[in-house]
Structures are given as C-alpha cells and as structure tokens.
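Architecture at a glance
Next come the chains, spelled out residue by residue.
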Amino acid sequence: MKNLIITAAAALLVMTMTMYQLQYTELIRQKTDLKQISDEAAAAAALCIDEREFGEGFFRFDREEAAKKAEDMITDNFAGDQSKLRWTIGFDDTSQRPAVTVRIVYGELEVETVYEYLPLLS
C-alpha cells in the first residue's frame, strides 16, 4: 500500500510539473509571435516617409499611411483572438534619430519594438 501511495504522489507531481511546463512554453511562444509581429509592423511603418517633407530636406513620417500599414501588418499576421489585441503606434521624427514605436498588448502579454534610423557617420 505504501508503494502505491508513493507512486501516485510521484505521478501527480510529474503531471503537475508537466502542465506548468506546457503553460510556460505556450506563453513564451505567444510572446515570441507578438514580438515578431511588432518588429514587422514597426519596420513597415518606418518605410512610410513623407516624400514632400523629405524633398525639402526634412525627415518626417507619413503618419496616416504608416499607421495603416502597421495595422494591416498586425491584423494580417496575428492568428489569435483579435478582440483581446490592442496596439499603439508612436512616431518620433523631431529628434536626430527618427523612430517608430509599436506596442502590442494581448491579454497580460506586452511587447514593444522601436525601429530607429541611425545617423550616418561621417
């Protein structure tokens, strides 16, 4: 009888540890997927430069087009429940290092990507 109780306790412990490991693995996979989507959205948004401003010598983003491209990238690549998905897109084109920031929140997971243009070294 003692052997049965010890074996049952060991099996219960192993099953509990396995369930926690599976949940952790799923969480890491979801976070990795969100990070990849965020990276792609930031890169797509950073390509949308305002041509008129650029022709006058200023580096500015076309914010409407960039936000649309980033939104399309996020919604097309995300395979989960879209009702829990929220994102924000920020632009910083007034500094020496123009950047696009994409933050995606899905439930309790949050990822952020900053896509920066680095100045040329002379």
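Quick note: structure is the one above.
Below is a short write-up of the structure. Bear in mind the structure is a predicted one, so any value in this text is a computation, not a measurement.

**Examining the packing of aromatic side chains**
The full count for this structure, using the stated rule, is seven aromatic pairs. Relative to Tyr117, the ring of Phe59 has its centre 4.8 Å away and its plane inclined at 65°; by these criteria the two rings are edge-to-face. Here Phe59, found in the loop between helix H2 (51-55) and helix H3 (63-77), pairs with Tyr117, found in the segment after strand S3 (109-116); they are 58 residues apart in sequence, far enough to count as distant. With centroids separated by 6.2 Å and ring planes inclined at 35°, the aromatic side chains of Phe61 and Tyr117 adopt a geometry described as tilted. Of this pair, Phe61 sits in the loop between H2 and H3 while Tyr117 sits in the segment after S3, and the two are 56 residues apart along the sequence. Looking at Phe61, the relative accessible area reads 4%, which means it is buried. A relative accessible area of 24% means that Tyr117 is categorised as partly exposed. Of the aromatic side chains, those joined through ring pairs into one cluster are Phe54, Phe59, Phe61, Phe91, Tyr115 and Tyr117.

The rules behind these values
- Here the residue numbers are simple positions, counted from 1 along each chain's written sequence.
- At least 70 in pLDDT is required for a residue's local features to be given in this predicted model, at least 80 for side-chain atom pairs to be given and counted, and no such filter applies to totals for whole chains, interfaces and linings, which use all residues.
- Side-chain metrics rest on all non-hydrogen atoms present in the structure, leaving aside hydrogens and water.
- Only centres within 6.5 Å qualify two rings of Phe, Tyr or Trp (six-membered ring in Trp) as a pair; their planes then separate them into stacked at under 30 degrees, edge-to-face at over 60, and tilted for everything else.
- Runs of H or I in DSSP of at least four residues are treated as helices and runs of E of at least two as strands, each being numbered from the N terminus.
- Between buried and exposed lies partly exposed: a residue is buried under 20% and exposed over 50% of the maximum accessible area for its type, with that area taken using a 1.4 Å probe on protein chains only.

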